[in-house]
Amino acid sequence: MTRRDSQNPLAEGRWLYRRIYTFAISAGLWALLMRTVGRMPAEMLPHATDGLMGLLALILVLYLVAPTAQQLIALSANARLRIMGGRP
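Considering the overall build of the chain
Right, so step 1: When its secondary structure is counted, the chain shows three helices and zero strands.
Right, so step 2: Ordered by position in the sequence, the α and β elements of the chain form the string α-α-α.
Right, so step 3: Among the 88 residues that make up the chain, the fraction classed as buried is 16%.
Right, so step 4: Relative to all contacts within the chain whose residues are 6 or more apart in sequence, the contacts with residues 24 or more apart total 60%.

What follows is the structure in structure tokens.
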């Protein structure tokens with residue numbers, strides 16, 4: 001039985017970089033949305049703002065649902081073993 005270390009040395013295990021990335025992208029998209037609303041003609045606003053809000057929603061969903069790099073590596077290693085005929 002292996003002992004798990006209670007303090008993960010990788011920052012991604014604490015989601016620090018994921019939080020910073022999501023906050024920065026969200027703030028940037030929000031600022032872009034505000035500038036777009038102020039500069040566009042009224043007839044084009046619904047289409048442009050729908051696209052920007054959709055992009056913002058995608059970033060937030062990826063923050064909440066997307067796997068970490070550690071999980072992706074484990075998944076790819078497991079898939080590689082299965083493809084080669086070995087057991088995970």
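Topic: the nonpolar core
Right, so step 1: Counting residues in hydrophobic clusters, the biggest one holds five residues: Leu29, Leu33, Leu52, Leu56 and Ile59.
Right, so step 2: Where this core is concerned, the elements lending two or more residues are α1 (16–39) and α2 (45–65).
Right, so step 3: It is α2 that provides the largest number of residues to this core, a total of three residues.
Right, so step 4: If sequence neighbours within four positions are ignored, Leu56 has contacts with Ser26, Leu29 and Trp30.

Considering a nonpolar patch on the surface
Right, so step 1: On the surface, Leu16, Tyr17 and Ile20 cluster together to form a nonpolar patch covering roughly 320 Å² of accessible area.
Right, so step 2: By the element assignment, Tyr17 lies in helix α1.
Right, so step 3: A residue is classified by how much of its surface remains accessible, and Tyr17, at 56% relative accessible area, is exposed.

Describing the side chain of Ser26
Right, so step 1: If you trace the backbone, Ser26 turns up in helix α1.
Right, so step 2: Discounting residues that sit within four places of it in the chain, Ser26 has contacts with Leu56, Ile59 and Leu60.

A short note on the packing of α1 against α2
The angle between the axes and the distance between the axes are what describe a pair of packed helices.
Right, so step 1: Put simply, α1 and α2 touch, their axes get as near as 10 Å, and they point 175 degrees apart. Considering their axes alone, α1 and α2 lie roughly antiparallel with respect to each other. Residues Arg18, Arg19, Thr22, Ile25, Ser26, Leu29, Trp30, Leu32, Leu33, Thr36 and Val37 of α1 touch α2, and the partners they reach there are Leu45, Ala48, Thr49, Leu52, Met53, Leu55, Leu56, Ile59, Leu60 and Tyr63.

So, α1
Right, so step 1: Taking 1.5 Å of rise per residue, the 24 residues of α1 would be expected to cover 34 Å, and the 35 Å separating its terminal C-alpha atoms lies within 8% of that figure.
Right, so step 2: Buried within α1 are the following residues: Arg18, Thr22, Ser26, Leu29, Leu33 and Thr36.
Right, so step 3: Looking at the packing, one finds that the buried side of α1 touches α2.

Here we look at the side chain of Thr49
Right, so step 1: With respect to the helices and strands, the residue Thr49 is situated in helix α2.
Right, so step 2: Of the residues examined, Thr49 reaches a relative accessible area of 13% and is grouped as buried.
Right, so step 3: Thr49 has contacts with Leu33 and Val37, leaving out every residue within four places of it along the chain.

What counts and how
Residues numbered from 1 in each chain as written. Predicted model: local features only at pLDDT ≥ 70, side-chain atom pairs only at ≥ 80, totals over all residues. Heavy atoms only, no water. Helix = DSSP H or I, 4+ residues; strand = E, 2+ residues; numbered from the N terminus. Buried < 20%, exposed > 50% of the residue type's maximum accessible area, 1.4 Å probe, protein only. Contact = heavy atoms within 4.5 Å. Core = buried A, V, L, I, M, F, W, Y, C linked by side-chain atoms within 4.5 Å. Patch = residues over 30% accessible without salt bridge, like charges linked within 9 Å, V, L, I, M, F, W, Y side chains within 5 Å. Areas by Shrake-Rupley, 256 points an atom, 1.4 Å probe, with all protein chains shown as cover. Salt bridge = Lys/Arg side-chain N within 4 Å of Asp/Glu carboxyl O. Axes fitted to C-alpha atoms, helices over the stretch in contact; angles between N-to-C directions. Parallel < 35°, antiparallel > 145°, perpendicular 65-115°, else oblique. Expected span 1.5 Å × (residues − 1).

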